[in-house]
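Chain residues, written in single-letter form:
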Amino acid sequence: VPEVVGEFQIDDTFVYRHPLRGSQIRFIHREFQFDRLDLFVYPVRDWRLENIGGVLKKEADNVRQDMRLAEKKGIYQQLQLDEDRLYPVSAGDSERTVLRFDGTFHNQEEAIDYATRTYLVVMKDKFVKVRASFGKTSATLPDTDTVVAQLVRELTVPDESLFMVELRKHWRDTNDL
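Residues numbered from 1 in each chain as written. Predicted model: local features only at pLDDT ≥ 70, side-chain atom pairs only at ≥ 80, totals over all residues. Heavy atoms only, no water.

**A short note on unusual backbone geometry**
Its identity as a non-glycine residue notwithstanding, Gln78 has a phi of 55°, on the positive side. With respect to the helices, strands and loops of the structure, Gln78 is situated in strand β5 (residues 77-81). With a phi angle near 55°, Lys124 is a residue other than glycine that sits in the positive phi range. Among the secondary structure elements, Lys124 is positioned in the loop between β8 (112-123) and β9 (126-135). Look at Lys124 and you get partly exposed, because its relative accessible area is 48%. (Helix = DSSP H or I, 4+ residues; strand = E, 2+ residues; numbered from the N terminus. Buried < 20%, exposed > 50% of the residue type's maximum accessible area, 1.4 Å probe, protein only.)

**Re the pattern of salt bridges**
Counted according to the given criterion, the structure contains 16 salt bridges. When the shortest N-O distance is used, the salt bridge between Lys58 and Asp46 registers 3.4 Å. Note that Lys58 is positioned in helix α1 (residues 52-72) and Asp46 in the loop between β4 (36-43) and α1, a separation of 12 residues in sequence. Judged by its relative accessible area of 39%, Lys58 is partly exposed. Residue classification places Asp46 among the buried positions, given a relative accessible area of 7%. In this structure, Glu160 and Arg168 form a salt bridge, with 2.6 Å as the shortest nitrogen-oxygen distance. For Glu160, a relative accessible area of 37% gives the class partly exposed. (Salt bridge = Lys/Arg side-chain N within 4 Å of Asp/Glu carboxyl O.)

**Things to note about the pairing of β9**
Here β9 lies mainly inside the structure; 9 of its 10 residues are buried. Two strands pair when backbone bridges link them, and β4 and β9 are joined in this way by 8 bridges, in the antiparallel orientation. In the strand pairing of β9, Tyr42 is matched with Phe127. The pairing of β8 with β9 spans 10 bridges and is classified as antiparallel. Looking at β9, one finds that Thr118 is bridged to Arg131. (Pairing = 2+ DSSP bridges.)

**Considerations on the pairing of strand β6 (residues 85-91)**
The sheet contact formed by β6 and strand β7 (residues 94-107) spans 7 bridges and is antiparallel. Counterpart to Tyr87 in the pairing with β7 is Val98. The hairpin turn running from β6 into β7, its antiparallel successor, is 2 residues long, and Gly92 in that turn takes a positive phi close to 75°.

**Here's the deal with the layout of surface pockets**
If you add up the space inside the largest pocket, you get close to 760 Å³. Lining the largest pocket are 29 residues, with Arg21, Phe40, Asp66, Lys129 and Arg131 positioned closest to its centre. Elements supplying a minimum of two residues to the lining of the largest pocket: β4, α1, β7 and β9. Considered class by class, the residues forming the lining of the largest pocket number 10 nonpolar, 9 polar and 10 charged. Looking at the second largest pocket, the residues that line it are Pro19, Gly22, Ser23, Val41, Tyr42, Pro43, Lys126, Pro158, Asp159, Ser161, Phe163 and Met164. Residue contributions to the lining of the second largest pocket peak at 3 residues, all from β4. Tallied by class, the residues present in the lining of the second largest pocket amount to 7 nonpolar, 3 polar and 2 charged. (1 Å grid on protein atoms, 1.4 Å probe; cavity = no way out; pocket = protein on both sides within 12 Å on 5 of 7 lines; lining within 4 Å. Points joined across faces, edges and corners; volume = space filled by probe spheres on them. Nonpolar A, V, L, I, M, F, W, Y, C, P; charged D, E, K, R; others polar.)

**What about the nonpolar core?**
Core analysis: the biggest nonpolar cluster contains 25 residues, and Leu37, Leu39 and Val128 have the highest contact counts within it. Elements supplying a minimum of two residues to this core: β3 (23-29), β4, β6, β8, β9 and α2 (144-154). If sequence neighbours within four positions are ignored, Leu39 has contacts with Val1, Ser23, Gln24, Ile25, Phe27, Val128, Lys129, Val130, Leu151 and Leu155. Counting residues in each nonpolar core, the second largest holds 20 residues, with Ala60, Phe105, Val122 and Phe127 among its members. (Core = buried A, V, L, I, M, F, W, Y, C linked by side-chain atoms within 4.5 Å. Contact = heavy atoms within 4.5 Å.)

Distances and angles like these do not, on their own, reveal function.
Take a look at the structure:
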């Protein structure tokens, strides 16, 4: 993971104990403390990885469901989410499909209205999710596509673990998922 992407630098790293949750890295804007990028890397919870667009859409639905649950719990207020958009990003000698959706929400605790963008990419057998959150008046919001493209080019993810090989074999053999 690069230490710096665009105007953002690593602030904190967290590795979840559960193998399906993966890890999280928070990047903070050098000048604007409320502008942040959260990078998540976690296994694709499916054995069918051929249809990348379908895999991304399914995960986007899961992410939206999590965001709506956070709204019900009062973490977000006035959550509005736009439609998904798929687009290609050059990753060296190949191309990756990126899914992006935008939204807005209000954070009562911080008393700030936020604009947010969520990006999803599949790399090897992992999801790479980037959540960009900015105060709605931030001038840095349009730069997120460039920052995500840089992450897609520079990020390396681990190979499929033995645990995930066995779990996907079980899902495939039992037609689970």
